[in-house]
Amino acid sequence: MKKIAAFAGSTSKTSINKKLAGFAAQQLQNTTFDVLDLNDYEVPMFSEDFEKDNEYPNGAALFNETLDKYDGFIISLAEHNGSYAAAFKNLFDWASRKNIKIFREKPVLVMATSPGGRGGATVLGAALGSFPHFGANVIGSYTLPKFYDTFKEDEITDNDKSLELKNIVTEFEQAL
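None of these values were measured; they are calculated from a predicted model.

Student: Where do I start with the sheet that holds strand β1 (residues 3-8) in this structure?
Tutor: Each strand in a sheet pairs with its neighbour through backbone hydrogen bonds, running either in the same direction (parallel) or in the opposite one (antiparallel). The strand order β2-β1-β3-β6-β7 describes an open sheet built from five strands, whose pairing is parallel. Each edge of the open sheet carries a strand with a single partner, namely β2 (32-35) and β7 (136-144). This sheet shows a mean twist of 20° between the axes of neighbouring strands, independent of strand direction. Strand direction decides the pairing type here: strand β3 (residues 72-77) and strand β6 (residues 106-113), joined by five bridges, are parallel. Of the residues in β6, the one forming a bridge with leucine 77 is alanine 112.

Student: For this particular structure, what's the right way to read the nonpolar core?
Tutor: Ranked by size, the top nonpolar core spans 30 residues in total, and within it Phe7, Phe73, Leu77, Phe103 and Phe131 carry the most contacts. Broken down by secondary-structure element, the contributors of at least two residues to this core are β1, α3 (58-68), β3, α4 (86-96), β6 and α5 (121-130). It is α4 that provides the largest number of residues to this core, a total of five residues. In this structure, leucine 77 is in contact with Gly9, Asn17, Tyr84, Phe88, Val110, Met111, Ala112, Thr113, Val123, Ala127 and Phe131, ignoring residues within four places of it in sequence. One finds Ala6, Met111, Ile139 and Leu165 within the second-largest nonpolar core, a separate group that totals 22 residues.

Student: Would you mind showing me how to read the pattern of salt bridges here?
Tutor: A pair can form between side chains of opposite charge whenever their charged atoms are brought close. Summed over the entire model, instances satisfying the criterion amount to seven salt bridges. Where aspartate 93 meets lysine 89, a salt bridge forms, and the shortest distance between an N and an O atom there is 2.6 Å. On the criterion of helical spacing, the pair formed by aspartate 93 and lysine 89 is a turn pair, its members being four residues apart in helix α4. Classification of aspartate 93 as partly exposed rests on a relative accessible area of 21%. Residues lysine 161 and glutamate 164 are paired through a salt bridge, measuring 3.0 Å at the closest nitrogen-oxygen approach. Taken together, the residues span about one helical turn, with lysine 161 and glutamate 164 both in helix α7 (residues 159-175) at a distance of three residues. Residue classification places lysine 161 among the buried residues on the basis of a relative accessible area of 15%.

Conventions used here
- Residues numbered from 1 in each chain as written.
- Predicted model: local features only at pLDDT ≥ 70, side-chain atom pairs only at ≥ 80, totals over all residues.
- Heavy atoms only, no water.
- Pairing = 2+ DSSP bridges.
- Helix = DSSP H or I, 4+ residues; strand = E, 2+ residues; numbered from the N terminus.
- Axes fitted to C-alpha atoms, helices over the stretch in contact; angles between N-to-C directions.
- Core = buried A, V, L, I, M, F, W, Y, C linked by side-chain atoms within 4.5 Å.
- Buried < 20%, exposed > 50% of the residue type's maximum accessible area, 1.4 Å probe, protein only.
- Contact = heavy atoms within 4.5 Å.
- Salt bridge = Lys/Arg side-chain N within 4 Å of Asp/Glu carboxyl O.

This is the structure:
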């Protein structure tokens, strides 16, 4: 049986993107999943000077080892000031130093949500532009605007957005 990793591009303990990634993974029919927490992969702030003077961080090594174990990824990105959350970008930068194909040419479903009306559309656009260069076989993308209005009691309350997610998850699962 195939197994995927779902995670948020956030280290927030109350991450709405982690909730969305986990919810999307629960829609899988014939695939098992783990929900990863970026807090389990602590790394120092990336810099070439630090890299030159120190060993490769354990958190980045563990993250790379973890990604090797999965057949695909569901990632929901937090948007901070129109870009990736700093913790995600930092881990991403470290991980890419050992394997530029971070996503291992495997299927990826890229998502974003936010409390606002654009639902993280800017960070989603950035990911769709860059992730393929890092080995992501992007199968689909999804954004959920106004998270607190459209996601209640562990369900998407907007019927159109709920159906859209189910269809994209099905397409992603078929690509595994």
